[in-house]
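# Working through the structure, step by step
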Amino acid sequence: MFEVPATSAFVLLFTSEEVYEGEAAKRLMRSVDLSAGLGIKNYFSRWWEDIYEEVGNRKCGMQFQSRTYLDDHPDAQVVCLGGGLDPLSLDLAECYPEAVVFDVDMANMDLKEEINAGIDGPAIRFCTGNLADPAGLVRVLESAGWDAGRRTLMIAEGITYYVPKQLFRDTFAALCGPGGGIVLEYSLPDSEVEGTPRADEYMEFFQQLRAILDMPFPIQRYSPADVEGLAAHLGGRVIITQLQHELEFMRKGENILRLDPTQGSIRISTILFD
């Protein structure tokens with residue numbers, strides 16, 4: 001078993017084999033020891049069931065929207081931004097063998113590459129780079145074989161919260177191009193959540209998350225207008241946005257926790273570039 005650092009283990013506790021279609025991602029989940037993340041999980045035990053389901057829904061949505069793009073463009077480049085040890089890159093690389101998959105983050109890429117080799121995983125180009133340094137990130141990706149002239153799908157799951165919006169916009173701008181796209185996961189700001197079921201709990205959760213992470217700036221959250229503005233700035237358009245109500249139904253075939261269509265904070269959107 002590969003021992004995983006606490007914060008990475010905590011993130012992986014949100015996923016399960018059911019999310020993935022290929023075998024490599026499932027092998028990764030079976031090969032890692034996530035016990036280091038249990039302390040953080042216990043800290044959030046008050047919200048655990050609800051936030052576990054919300055993140056589970058988001059993973060289903062990320063899979064669906066990423067696969068929708070790759071079904072149309074199976075030979076695209078895929079850049080997974082800040083995914084840490086999450087198995088999504090392995091799953092897409094296995095299921096779309098014509099795609100060239102780059103997995104980039106600031107830490108744990110050597111460990112992820114070691115795990116992938118240990119489970120006989122698919123071909124992936126693991127890169128260590130700073131998402132808040134667009135020029136440096138481009139250099140890292142180009143050294144790994146990324147081609148700026150070839151269509152690229154960027155995948156941003158679980159990372160929008162931690163990179164200031166202006167910097168993230170610059171990162172997307174450095175990598176986007178004709179025929180490419182972004183699958184973007186984000187959470188609504190308090191102003192958009194207020195008045196919806198259990199809004200107070202969602203707002204408190206993000207306050208606690210910021211406290212435990214000791215972040216030097218507020219957690220970044222996106223309104224629908226923010227996402228539309230991002231797409232327009234990049235010369236693209238939002239073609240789909242899925243809310244928790246729809247994601248839960250897609251994942252489970254019924255609505256159990258998200259009975260009200262407005263409930264929930266996390267959304268998934270795809271931006272395409274013509």
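Placed above this text is the structure.
Residues numbered from 1 in each chain as written. Predicted model: local features only at pLDDT ≥ 70, side-chain atom pairs only at ≥ 80, totals over all residues. Heavy atoms only, no water.

## Some points on the overall build of the protein chain
- Helix and strand counts for the protein chain stand at 12 helices and 9 strands.
- Whereas a compact globule of 274 residues would reach a radius of gyration of roughly 19 Å, the protein chain reaches 18 Å, a difference of no more than 12%.
- Based on the C-alpha atoms only, the size of the protein chain along its principal axes is roughly 45 × 45 × 40 Å.
- When contacts within the protein chain are restricted to residue pairs at least 6 apart in sequence, long-range pairs at least 24 apart make up 78% of them.
- Per element, the accessible surface of the protein chain, about 11600 Å² overall, is 50% carbon and sulfur.
- Separation of charge centres in the protein chain, based on 23 positive and 43 negative side chains, amounts to 1 Å. (Helix = DSSP H or I, 4+ residues; strand = E, 2+ residues; numbered from the N terminus. Rg over C-alpha atoms; globule rule 2.2 N^0.38 Å. Contact = heavy atoms within 4.5 Å. Areas by Shrake-Rupley, 256 points an atom, 1.4 Å probe, with all protein chains shown as cover. Lys, Arg positive; Asp, Glu negative; His and termini not counted. Charge placed at Lys NZ, Arg CZ, Asp CG, Glu CD.)

## A short note on the pairing of strand β9 (residues 266-273)
- Across the 8 residues of β9, 8 count as buried, placing the element largely inside the fold.
- By the alternation rule, side chains of β9 split into Ile266, Ile268, Thr270 and Leu272 and Arg267, Ser269, Ile271 and Phe273, which are all buried.
- Bridge count between strand β7 (residues 181-187) and β9: 7 bridges; the pairing is antiparallel. Each residue of the ladder has a partner; that of Gly181, found in β9, is Leu272. (Buried < 20%, exposed > 50% of the residue type's maximum accessible area, 1.4 Å probe, protein only. Pairing = 2+ DSSP bridges.)

## Side note on the environment of Asp120
- Here Asp120 is to be found in the loop between α6 (109-118) and β5 (125-128).
- Here the alpha-carbon distance between Asp120 and Pro216, two residues 96 residues apart in the chain, equals 39 Å.

## With respect to the pattern of salt bridges
- Taken as a whole and assessed by the stated rule, the structure comprises 20 salt bridges.
- Ionic pairing is found between Lys26 and Glu23, a salt bridge with its closest N-O pair at 3.8 Å. Taken as a pair, Lys26 and Glu23 lie in helix α2 (residues 23-31) at a separation of 3 residues, close to a single helical turn.
- Across the salt bridge formed by Arg58 and Glu185, the nearest N and O atoms sit 3.5 Å from each other. Residue Arg58 is found in helix α4 (residues 48-72), and its partner Glu185 is found in strand β7; the two are separated by 127 residues along the sequence. (Salt bridge = Lys/Arg side-chain N within 4 Å of Asp/Glu carboxyl O.)

## Things to note about unusual backbone geometry
- One non-glycine residue with positive phi stands out, namely Asn108, at about 70 degrees.
- If you trace the backbone, Asn108 turns up in the loop between β4 (100-105) and α6.

## Let's talk about the packing of aromatic side chains
- Within this structure, the stated rule accounts for 14 aromatic pairs.
- With a centroid separation of 5.1 Å and 75 degrees between ring planes, the pair formed by Phe10 and Phe14 is classed as edge-to-face.
- Phe10 sits in the buried class, given a relative accessible area of 9%.
- Residue class for Phe14 comes out buried when judged on its relative accessible area of 9%.
- Among the aromatic residues, those joined into a cluster by ring pairs are Phe10, Phe14, Tyr43, Phe44, Trp47, Trp48, Tyr52, Tyr161, Tyr162, Phe205 and Phe206.
- Across from the ring centre of Tyr222, 4.9 Å away, lies the NZ or CZ of Lys165, which sits over that ring.
- Taking the ring centre of Phe206 as reference, the NZ or CZ of Arg221 above it sits at 4.1 Å. (Phe/Tyr/Trp six-rings, centres within 6.5 Å; stacked < 30°, edge-to-face > 60°. Lys NZ or Arg CZ within 6 Å of the ring centre and 35° of its normal.)

## Thoughts on the packing of helix α8 (residues 165-175) against helix α11 (residues 224-234)
- Taken N-terminus to C-terminus, the directions of α8 and α11 make an angle of 40 degrees; their axes are 10 Å apart at the nearest point. Of the possible angle classes, the one that applies to α8 and α11 is oblique. Viewed along their axes, α8 and α11 form a crossing whose handedness is right-handed. Contact residues: Lys165, Arg169, Phe172 and Ala173 in α8; Asp226, Leu230, His233 and Leu234 in α11.
- Of the residues belonging to the contact of α8 with α11, the class tally is 4 nonpolar, 1 polar and 3 charged. (Axes fitted to C-alpha atoms, helices over the stretch in contact; angles between N-to-C directions. Parallel < 35°, antiparallel > 145°, perpendicular 65-115°, else oblique. Left-handed = near helix turned anticlockwise from the far one by under 90°. Nonpolar A, V, L, I, M, F, W, Y, C, P; charged D, E, K, R; others polar.)

## Section: the state of the cysteines
- Following the criterion strictly, the structure yields 0 disulfides and no others.
- Left without a disulfide partner, Cys80 is nearest to the cysteine sulfur of Cys127, which lies 11 Å away. (Disulfide = S-S within 2.5 Å.)

## Details of the side chain of Thr15
- Its place among the elements puts Thr15 in the loop between α1 (6-12) and α2.
- Exposure remark for Thr15: the relative accessible area of 6% places this residue in the buried category.
- With residues up to four places along the chain from it excluded, the contact list for Thr15 reads Tyr20, Met29, Tyr52 and Lys59.

Such coordinate-based values are descriptive only and should not be taken to indicate function.
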